[in-house]
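# Fold and geometry: a report
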Amino acid sequence: GDVMIFSDDDGRAYLYFGLGSAIMGAELDVANPRQLTTFPKLLVPFTGEYWWERFGASNEDWSIGFIEGSWMVKHGQKYHLVYSCSGTEFYNYAMGCYISDSPLGEFKLQPRNPVSHCRNGFIKGGGHGGFVKGPEDTLWIFYTIPVCVDNNMERRIGMDPAGFDAE
């Protein structure tokens, strides 16, 4: 579930997926993108260690997480694997980020997480999205905002300018 294909600047392509307890990744055959050239590898497991990954309206359940919606963005020589967590239906829906020197890891938690999160105010949530380059090489983040009026999965799309700092 929640498949993302990343095309690297060296011409190689990678598949990222996960819908539940982990984000997985594998290299794709660019000549036949329905074929993997590597076995799927566990990249980001749910451990319960990080509060933003825990399930529940207040991230209260340490025993379960729901990580999904992976997205890869490369900045310089670093690979940033962004993922969504804790449940689409909650106002604490967020995106975390791991970094690596390689598109298939070893990934380490980046210093500041979550990278998108807002529990209060007009815009709540900020999960299940990705980063894209915009006009004049600007970086933008797109994300979903839980509305939860007609049903608990009702969402809208938000976007904001984004960027990288030293960390």
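Each remark here, short or long, concerns the structure printed above.
Cut-offs used in this document
- Residues numbered from 1 in each chain as written.
- Predicted model: local features only at pLDDT ≥ 70, side-chain atom pairs only at ≥ 80, totals over all residues.
- Heavy atoms only, no water.
- Pairing = 2+ DSSP bridges.
- Helix = DSSP H or I, 4+ residues; strand = E, 2+ residues; numbered from the N terminus.
- Axes fitted to C-alpha atoms, helices over the stretch in contact; angles between N-to-C directions.
- Buried < 20%, exposed > 50% of the residue type's maximum accessible area, 1.4 Å probe, protein only.

### So, the sheet that holds strand β9 (residues 67-75)
Read across the sheet, 5 strands follow the order β3-β9-β10-β11-β12 without closing on themselves; strand pairing throughout is antiparallel. Strands at the two margins of the open sheet, each flanked by one partner only, are β3 (19-20) and β12 (108-109). Across 7 bridges, the pairing between strand β10 (residues 78-85) and strand β11 (residues 94-100) is antiparallel. Looking across to β11, one finds that leucine 81 is bridged to tyrosine 98.

### What to know about the sheet that holds strand β15 (residues 155-162)
Strands belonging to one sheet form pairs held by backbone hydrogen bonds; the direction of such a pair is parallel or antiparallel. What the 3 strands build is an open sheet, ordered β13-β14-β15; its pairing is antiparallel. At either end of the open sheet lies a strand with only one pairing partner, and these are β13 (127-133) and β15. With direction set aside, neighbouring strand axes in the sheet form an average angle of 20 degrees. Direction of pairing for β13 relative to strand β14 (residues 139-146): antiparallel, over a ladder of 5 bridges. Across the sheet, the residue bridging to phenylalanine 131 is isoleucine 141, located in β14.

### Observations regarding the pairing of strand β4 (residues 22-29)
Most of β4 sits inside the fold, with 6 of its 8 residues counted as buried. Pairing analysis gives 5 bridges linking strand β2 (residues 13-17) to β4, with the strands arranged antiparallel. Residue phenylalanine 17 lies in a different strand from β4, and its bridge partner there is methionine 24. Pairing of β4 with strand β6 (residues 41-45) involves 4 bridges; the strand directions are antiparallel. Each bridged residue has a counterpart across the sheet, and for isoleucine 23 the counterpart in β6 is valine 44.

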